[in-house]
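# Fold and contact review
Spelled out from the first residue to the last, the chains are:
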Amino acid sequence: DITERKRENETLQQAEQPFANILNLSPNMISITSQRTGKIMTANAATSELTGYTEDEYLGKTTLELRWWGNPSDREKTISILKEAGEVRNYEMKMRIRNGELLTCLFNARPLFYNNEQCLLFVVIDITERKKAEELLRINQDRLRKAQEIGHLGYSEHIIGANDVWISAEGKRLY
């Protein structure tokens, strides 16, 4: 009689379904590696989209074999953080993808028991475009400050209904 086994399999599938949905719907790279071997056991579709590697190319390999660490010292640092804090949260690092490009990413990791062994769940968030936008904003703010100094122009803002006033450095100097 296999009725009991069928019921157990259905219960297991129902328990695994929310995890599978989260894994596959996330736009962020999510992977699980074996702590014993360091090999990637499973990953979501976003892993291929981010790295440029197919599932067949990364499953069963380590992140070192794939050369994903843009700076090998980042790997050592995340291992140290994991040992100290039990998890890694938003560690900024460089990640090398298939075409050799380095992405700026936030690395998150925590231990997980998966397929009857100790594993590591990690989530990688690509912030390359955000970092480029932040740098461009910084450059443009610097250019505006320099233009105001050169042109002897100040700038101020007053928020109506609030007592907040902001004045640029050149505006303060002029007043």
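Before reading further, recall that the structure is shown in the block above.
Residues numbered from 1 in each chain as written. Predicted model: local features only at pLDDT ≥ 70, side-chain atom pairs only at ≥ 80, totals over all residues. Heavy atoms only, no water.

## Observations concerning the overall build of the protein
As a reminder of what qualifies: Only DSSP runs of H or I covering at least 4 residues are called helices, and only runs of E covering at least 2 are called strands; the numbering of each starts at the N terminus. Atoms counted for the radius of gyration: C-alpha only. Globule rule: 2.2 Å times residue count to the power 0.38. Residue exposure (1.4 Å probe, protein chains only): buried if accessible area is under 20% of the type maximum, exposed if over 50%, otherwise partly exposed. Contact definition: two residues touch when any of their heavy atoms are within 4.5 Å. In short, Shrake-Rupley with a 1.4 Å probe defines the accessible areas, and a residue's cover is counted only from the protein chains shown. Positive residues here are Lys and Arg, negative ones are Asp and Glu, while His and the chain termini are left out of the count. By convention, the charge on Lys lies at NZ, on Arg at CZ, on Asp at CG and on Glu at CD.
If you tally the helices and strands in the protein, you get 6 helices and 7 strands. Scanning the protein from its N terminus toward the C terminus, one meets helices and strands in the order α-β-β-α-α-α-β-β-β-α-β-β-α. For 175 residues, the compact-globule estimate of 2.2 N^0.38 gives 16 Å, and the protein exceeds it by more than 25% at 24 Å. Principal-axis analysis of the C-alpha atoms gives the protein an extent of 90 × 40 × 30 Å. Among the 175 residues that make up the protein, the fraction classed as buried is 28%. Restricting to contacts in the protein with at least 6 residues of sequence separation, those with at least 24 account for 34%. Only carbon and sulfur atoms are counted for the fraction: they give 52% of the accessible area of the protein, which is about 12100 Å². For the protein, the distance from the average site of its 24 positive side-chain charges to the average site of its 26 negative ones is 5 Å.

## Considerations on the sheet that holds strand 5 (residues 117–126)
Applied cut-off: Whether two strands pair depends on DSSP finding at least two bridges between them. Axis definition: a line fitted to C-alpha atoms, over the contacting stretch in the case of helices. Angles run 0 to 180 degrees between N-to-C directions.
Strand order in the open sheet formed by 5 strands is 2-1-5-4-3, and the pairing between neighbours is antiparallel. With partners counted over all chains shown, the strands left at the sheet margins are strand 2 (40–43) and strand 3 (88–96), one partner each. Each neighbouring strand pair of the sheet contributes to a mean axis angle of 30°, computed without reference to strand direction. Together, strand 3, strand 4 (102–114) and strand 5 form the strand contacts of helix 4 (residues 72–85), whose direction differs from that of strand 3 by roughly 165°.

## Details of the pattern of salt bridges
The test is simple: Definition used for salt bridges: Asp or Glu carboxyl oxygen within 4 Å of a side-chain nitrogen of Lys or Arg.
Here the structure, examined in full by the defined rule, presents 13 salt bridges. Here Glu76 and Arg75 are joined by a salt bridge, their closest N and O atoms 3.4 Å apart. Judged by relative accessible area, Glu76 falls into the partly exposed class, the value being 48%. According to the relative accessible area criterion, Arg75 is partly exposed, its value standing at 25%.

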